[in-house]
Amino acid sequence: MRHYALLGALLTSLAGGSGAQTALPIPTFEGQVIYQVMPDRFFDGNPANNQGVNRDDPRAWHGGDLPGLTQKLAYIQKLGATSVWLTPVYQQQATNSFGTAGYHGYWPADFRNVDPHFGTLADFGTFVKAAQGAGMRVVLDQVINHYGYEAAAVRLRKDWFNTQAQCDASSNKDVDCPLSGLPDLRQSNPQVRDLLLGNANFWREQGVNAFRYDAIKHVERPFLNDLLAADRRAGTWTLGEWFGADTGTVADWQKAGFDSLFLFSLQDAMKTSVMGEGSLDAVRQVLARQGELPRPGEVALFLDNHDVPRFAQGSLFEDMGQERTRYGLRALMTLRGVPVIWQGTEIAMRGAADPDNRRDMRFEDAWTPAERAVFGATQAAIAARKASPALSNGAQTLLPTPDSVSGQLLLFTRELNGQTVLAAWHSGNARRTYSLKLGSLGVKWAALAATPSLFAGQDAKASVSGGYLHLSLPARDAAAFRVQ
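It should be emphasised that the depicted structure is a prediction, and the values quoted were computed from it without experimental measurement.

What counts, and at which threshold
Residues numbered from 1 in each chain as written. Predicted model: local features only at pLDDT ≥ 70, side-chain atom pairs only at ≥ 80, totals over all residues. Heavy atoms only, no water. Pairing = 2+ DSSP bridges. Helix = DSSP H or I, 4+ residues; strand = E, 2+ residues; numbered from the N terminus. Axes fitted to C-alpha atoms, helices over the stretch in contact; angles between N-to-C directions. Phe/Tyr/Trp six-rings, centres within 6.5 Å; stacked < 30°, edge-to-face > 60°. Buried < 20%, exposed > 50% of the residue type's maximum accessible area, 1.4 Å probe, protein only. Lys NZ or Arg CZ within 6 Å of the ring centre and 35° of its normal.

A.B. asks: Before we move on, can you summarise the sheet that holds strand S16 (residues 461–465) with the specific residues and values?
C.D. replies: The four strands are arranged S14-S17-S16-S15 in an open sheet whose pairing can be described as antiparallel. Of all strands in the sheet, those with a lone pairing partner are strand S14 (432–437) and strand S15 (448–452), marking the two edges. Each strand axis lies, on average, 15° off the axis of its neighbour in the sheet, ignoring direction. Where S16 lies against strand S17 (residues 468–473), five bridges are found, and the strand directions are antiparallel. Directly across from Ser-463, in S17, lies its bridge partner His-470.

A.B. asks: An account of the sheet that holds strand S1 (residues 34–37) is requested, with residue identities and associated values reported.
C.D. replies: A sheet is described by the order of its strands in space; here eight strands give the open sequence S8-S7-S6-S5-S2-S1-S10-S9, paired in parallel fashion. A single partner strand is all that each edge strand has here, and the edge strands are strand S8 (260–261) and strand S9 (300–302). One ladder, built from four bridges, connects S1 with strand S2 (residues 83–86); its direction is parallel. In the strand pairing of S2, Val-37 is matched with Leu-86.

A.B. asks: A description of the packing of aromatic side chains should follow, citing residues and the corresponding values.
C.D. replies: Aromatic rings in a pair are described by how distant their centres are and how their planes are angled relative to each other. By the definition in use, this model includes 30 aromatic pairs. Relative to Trp-237, the ring of Phe-29 lies with its centre 4.0 Å away and its plane at 10°, an arrangement referred to as stacked. With a gap of 208 residues between them, Phe-29 in the loop between helix H1 (2–17) and S1 and Trp-237 in strand S7 (residues 237–240) connect regions that are remote in the sequence. By the burial criterion, Phe-29 is buried, and Trp-237 matches it. On the numbers, 6.5 Å between centres and 65° between planes, the contact of Phe-262 with Phe-264 is edge-to-face. Of the two residues, Phe-262 and Phe-264, neither departs from the other in class, the shared state being buried. Each residue in the set Tyr-90, Phe-111, Phe-124, Phe-127, Tyr-147, Trp-160, Phe-161, Phe-202 and Trp-203 is aromatic and connected to the rest through ring pairs, giving one cluster. Seen from the ring of Tyr-103, Arg-41 lies directly overhead, with NZ or CZ sitting 3.8 Å from the centre. We note Arg-221 situated over the ring of Trp-253; from NZ or CZ to the ring centre the distance is 4.3 Å.

Right, dumping it as structure tokens:
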């Protein structure tokens, strides 16, 4: 990584020598829709690398690989996603720990090689070339906190890791103690620092556009500062995972240099309000804090991922889980930020806690009619978002609703360059019509004939007349209307 450091120093000296400060470019993913893939559980494109595969064991390798992901890029494009996030593809520890293989990618043994179960470094290059040739960005998961339990480095480089004595003496247990017992890297060690910064450079050279950094809560802050500065110089978009992050945490880390974090508090509110029987006030309370965010358009929004139970699992009944997942995905596409869809959520796959939430992906030939319907609704909602500059990139403003209906009706606008889209979430158990005074909403809209939702296949309508907004909304669904 020395040539990168020298280049950075040269650029700095040149800027200083000219007497001017050159602003670093700020990468953006606003307007993107990310599709998250765990390669082992996606699609098997090369059976020749299926050593140790046992699809009957949810903790074993299942055979998905990079050639399979490349083959299924057309599926991801068909859905409408514009970026693909891969969980780590590093070479993993060779043996199991706690009866579990390293299929997930978070037990690295070699950060700069691809695990043979996933394919080769050349296979990764083929995937990146195919994705970017299709106009899609590639987001790669980066582990910066630890090695795998059985990695050779744990035995050979003991000075790289925090000891139990260091953990016991620390006042910051999150950073200086093992996460789930994993060998905890000491990023203040110069060799560790250079290794991890070099890892980022290595994967950039493979064509990666952005990094999702795992478990940043457990990483030393001075190192994170250096890492983010290097990423910013390189124009690499950064997405941090702080499990449970609320708006305040996201805001703090955006100020520190991360482009994005996952907004877990919104995911929790949507699980309660959209999937459950709770009031929409929980979502409203999260959205009301948007003004705290330095870059609200970059925040990662999600219904579920590989670390939490599936969104559809929130209902005892499969059909209800499918209906409410459709509601949640449409709602997600109305929000300001970067939607992230975990593989299978677009068909309302079910699954409890890890590893059940990591079931093998199923494709069109195995879908039920209900799953096809959820996919179609997701596809249409993404298409509507991409076709609307306001939905993709517009400012977001909450609208007040009467106390009598605030628990079941959430309204906000998305506005950009004179275009206004009204988002309406409705959690009522039956279809309902609402008539609300424009003055009470704080808007002045011209008369508008009955207009359908921007989401194809949805029976929802809005109109403006006589100083009122009239809405006809189906039960448990989210809609979007062009009102100006």
